[in-house]
Amino acid sequence: MATHRAETERPRQTGEPRLRVGEPARAPVATARRWFPRAVAAVTALCAIVVLAQGHVGLPLTHIVTIEAKMASKADYFEDPEVQRLLVRHGFRVHITRMGSRGIAAQSYDGYDVVFPSGQPAADLITRKRAAEGHPATTYRPFVSPVVLGTYREYAETLQDAGIATPLPGVPAGSKPLYYSLNMQKFLQATADNRRWDTLGTGRDGHRVGIDRHGIHNGNKVLAQTSDICEANSAGTYLGLVSYVWNHDNIPQDAAEATRFAERIRLLLNDQGMPSSEKNETYVSAEGKSIAPIAVIYEHQFLAHQIATQADTGHVDSERVLLYPSARFITEPQLIALTPDGDRLGDLISKDPALQQRAMELGFRVRDAEGASATSDSLTRFLTDHHIQAPVLSDDDTKAVLPRLDLLEKMIEIVGDCDPVAQSAAGGEAP
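Quantities reported herein were computed from a predicted structural model and do not represent experimental measurements.

Asker: Mind showing me how you'd approach the pairing of strand β7 (residues 179-182) here?
Answerer: When a strand is regular, its side chains alternate between the sheet's two faces. Of the two faces of β7, the one lined by Tyr179 and Ser181 and the one lined by Tyr180 and Leu182 are each fully buried. The pairing of strand β6 (residues 165-167) with β7 spans three bridges and is classified as antiparallel. Across the sheet, residue alanine 165 finds its bridge partner in β7, namely leucine 182. Strand direction decides the pairing type here: β7 and strand β11 (residues 320-325), joined by four bridges, are parallel. Within the sheet, the bridge partner assigned to serine 181 lies in β11 and is tyrosine 324.

If you want it as structure tokens, here you go:
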């Protein structure tokens, strides 16, 4: 074969063979080491967003807008993982700077898309300031939550022994009550009379009433503890409620009367010691009973705790109970939109059925999409379906009224020795 001849006829090589040293081949490993971690991180991040937004891999991605927000206690809603998942599905991520409602009103909100104080007084301070600066803001009220007093069963039963608290109706057979009505006039009178938990008074049966009958020793004064009155809406609202009750269901009409009212209730509120930033954190902690036997919180915080406990353990936390003041005040958290993106977020949480459903599952009384008054019917059904007692509130309880904004601010400054918050205008009563 030709090929064979060519190979056999090739000249025979003589001498030592030459060793040729060429340029070593570049190994692909070094390059791979550079790009591989980045590729893995990028793919992981994309998959995480898909899973968060859609619940599983494979559905299209959405452009994510980061909302900068200042929020008070209602940050609980936006920090919920399910709410975060639903928001990402609609193209939002919310980055929260957390502080008290009055603190939000007192500080600058430049660079923020929304602010979310927990009640109307701080919201009014913000919207009036914005209007005076020529930047009107849109407000959204997606849900409401009453101000309540969180306590422990032994303390509620001691107040019941003294005729100060009464279990609410609707307790299932074989269960202990989770909710009580608190006679605010009697409760504040016990505080004014310097009553102690060990010697609260004489019960209906003529016997001495004290917490020791329920296995606890506590010689401290009977009172409710609040978050920092200079910062928190719950504390300012409770101040207004105390003033309303202690002044015979009246509110101050001018600055002189506001000063007089504030001085009258100052001692009722200032014996609680150093203020704390968030009373609910103390209330649900293991040490809460010894630190703050009665804490001013929001209803949704208590219900969220019970819902989570039921889901985790199969039963409610029967140690913790709620006191509903006989003079009630329903707080209206207001999300204030400062930018177009903030407007889109406010509209979404007010109208999206899934986000409204989740708010109810976190203990809020949700308004319907048309902005009508919040109803407790859906919340009651949800709690009942999950084997949690639902509060049955009487329509006969007095609805407390807060003073006009400038007068409430004056009272807060006097009672809490707080720095004033700049106000752009005086206005009508805060409902």
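Asker: Please clarify how the environment of asparagine 270 should be interpreted in this entry.
Answerer: Structurally, asparagine 270 can be placed in the loop between α10 (255-269) and α11 (279-283). Residues asparagine 270 and leucine 223, 47 residues apart in the sequence, show an inter-C-alpha distance of 9.8 Å.

Asker: I'm lost on the pattern of salt bridges in this one. Help?
Answerer: If the charged atoms of two oppositely charged side chains come close together, the side chains can form a pair. Applying the stated rule across the entire model yields 16 salt bridges. One salt bridge in this structure joins arginine 365 and glutamate 299, with 2.7 Å as the shortest N-O distance. Placement of the pair is arginine 365 in strand β15 (residues 365-366) and glutamate 299 in helix α13 (residues 299-313), with a sequence separation of 66 residues. The same class applies to arginine 365 and to glutamate 299, which are both buried. For aspartate 347, the salt bridge identified is with lysine 351, shortest N-O distance 3.1 Å. Highlighted residues: aspartate 347 and lysine 351, both in helix α14 (residues 340-351), separated by four residues, approximately one helical turn. Judged by its relative accessible area of 32%, aspartate 347 is partly exposed. Among the residues examined, lysine 351 registers a relative accessible area of 45% and is labelled partly exposed. One network of salt bridges, with partners in common, ties together Glu154, Lys289, Asp317, Glu319 and Arg320.

Asker: I keep staring at the sheet that holds strand β4 (residues 138-140) and nothing clicks. Help me out?
Answerer: Backbone-to-backbone hydrogen bonds join strands into a sheet, with any given pair of strands oriented parallel or antiparallel. Spatially, five strands are ordered β2-β1-β3-β14-β4 in an open sheet, and the strand pairing comes out mixed. A single partner strand is all that each edge strand has here, and the edge strands are β2 (92-98) and β4. Strand-to-strand twist of the sheet, defined as the mean angle between neighbouring strand axes without regard to direction, takes the value 25°. Across two bridges, strand β3 (residues 114-116) lies against strand β14 (residues 335-337) in antiparallel orientation. Bridge pairing links valine 114 to alanine 337 in β14.

Asker: How should I be thinking about empty space enclosed by the protein in this particular structure?
Answerer: Here the idea is plain: a probe the size of a water molecule rolls over the atoms and shows the empty space left. All told, the structure shown has three cavities of 30 Å³ or more when counted by the stated rule. Reported here for the largest cavity is a volume of approximately 110 Å³. Counting only elements with at least two residues in the lining of the largest cavity, the list comes to α5 (101-106), α6 (120-132), α9 (233-246) and α17 (405-416). Broken down by class, the residue content of the lining of the largest cavity amounts to seven nonpolar, four polar and three charged.

Asker: Looking at this structure, I do not really get the packing of α6 against α17. What am I missing?
Answerer: Two measures define how a pair of helices packs: the angle their axes make with one another and the distance between the axes. Look at α6 against α17: their axes get within 10 Å of each other, and the N-to-C directions meet at 115°. For the element pair α6 and α17, the recorded crossing hand is left-handed. Each of Pro121, Asp124, Leu125 and Arg128 in α6 lies in contact with α17, whose residues at this interface are Leu405, Leu408 and Glu409.

Asker: What is the right way to look at the side chain of serine 350 in this model?
Answerer: Mapping serine 350 onto the fold places it in helix α14. A distance of 2.8 Å separates a polar atom in the side chain of serine 350 from the backbone oxygen of glycine 346.

Asker: Please clarify how the pairing of strand β5 (residues 143-152) should be interpreted in this entry.
Answerer: For β5, the buried fraction is high: ten of the ten residues fall into the buried class. Pairing of β5 with β15, which is carried by two bridges, proceeds in the antiparallel orientation. Bridged to valine 144 within β15 is arginine 365. In the sheet, β5 pairs with strand β13 (residues 330-331) via two bridges, with the strands oriented antiparallel. What sits directly across from serine 145, in β13, is threonine 331. In the sheet, β5 pairs with strand β10 (residues 295-298) via four bridges, with the strands oriented antiparallel. Across the sheet, residue leucine 149 finds its bridge partner in β10, namely valine 296. Of the pairings in the sheet, the one linking β5 to β11 comprises four bridges and is antiparallel in character. Paired with threonine 151 across the bridge in β11 is valine 321.

Asker: Can you walk me through the state of the cysteines in this structure?
Answerer: The bond known as a disulfide is covalent and runs between the sulfur atoms of two cysteines. Within this structure, the stated rule accounts for one disulfide. The disulfide bridge from cysteine 230 ends at cysteine 418, spanning 1.9 Å between sulfur atoms. Looking along the S-S bond of the cysteine 230-cysteine 418 disulfide, the torsion reads about -85°, which is the left-handed sense. Here cysteine 230 is found in the loop between β9 (208-209) and α9, whereas its partner cysteine 418 is found in the segment after α17, with 188 residues between them in sequence.

Asker: Honestly, the packing of aromatic side chains in this entry has me stumped. Any pointers?
Answerer: Note on aromatic pairs: each is described by the distance of the centres and the angle between the planes. Evaluation of the coordinates by the stated rule reveals ten aromatic pairs. Look at tyrosine 77 and phenylalanine 364: their rings are 6.3 Å apart centre to centre, the planes differ by 90°, and that puts the pair in the edge-to-face class. In this pair, tyrosine 77 is assigned in helix α3 (residues 75-78) and phenylalanine 364 in the loop between α15 (353-361) and β15, connecting sequence segments 287 residues apart. Note on tyrosine 77: relative accessible area 1%, which makes it buried. Between tyrosine 152 and tyrosine 283, the aromatic rings sit 5.3 Å apart at their centres with planes inclined by 55°, giving tilted as the arrangement. Taken together, the residues span a long stretch of sequence, with tyrosine 152 in strand β5 and tyrosine 283 in helix α11 at a distance of 131 residues. An identical accessibility class is assigned to tyrosine 152 and tyrosine 283; each is buried.

What counts as what
- Residues numbered from 1 in each chain as written.
- Predicted model: local features only at pLDDT ≥ 70, side-chain atom pairs only at ≥ 80, totals over all residues.
- Heavy atoms only, no water.
- Buried < 20%, exposed > 50% of the residue type's maximum accessible area, 1.4 Å probe, protein only.
- Helix = DSSP H or I, 4+ residues; strand = E, 2+ residues; numbered from the N terminus.
- Pairing = 2+ DSSP bridges.
- Salt bridge = Lys/Arg side-chain N within 4 Å of Asp/Glu carboxyl O.
- Axes fitted to C-alpha atoms, helices over the stretch in contact; angles between N-to-C directions.
- 1 Å grid on protein atoms, 1.4 Å probe; cavity = no way out; pocket = protein on both sides within 12 Å on 5 of 7 lines; lining within 4 Å.
- Points joined across faces, edges and corners; volume = space filled by probe spheres on them.
- Nonpolar A, V, L, I, M, F, W, Y, C, P; charged D, E, K, R; others polar.
- Left-handed = near helix turned anticlockwise from the far one by under 90°.
- Contact = heavy atoms within 4.5 Å.
- Polar contact = N/O pair within 3.5 Å; in protein donor to acceptor, adjacent residues only side chain to side chain.
- Disulfide = S-S within 2.5 Å.
- Phe/Tyr/Trp six-rings, centres within 6.5 Å; stacked < 30°, edge-to-face > 60°.

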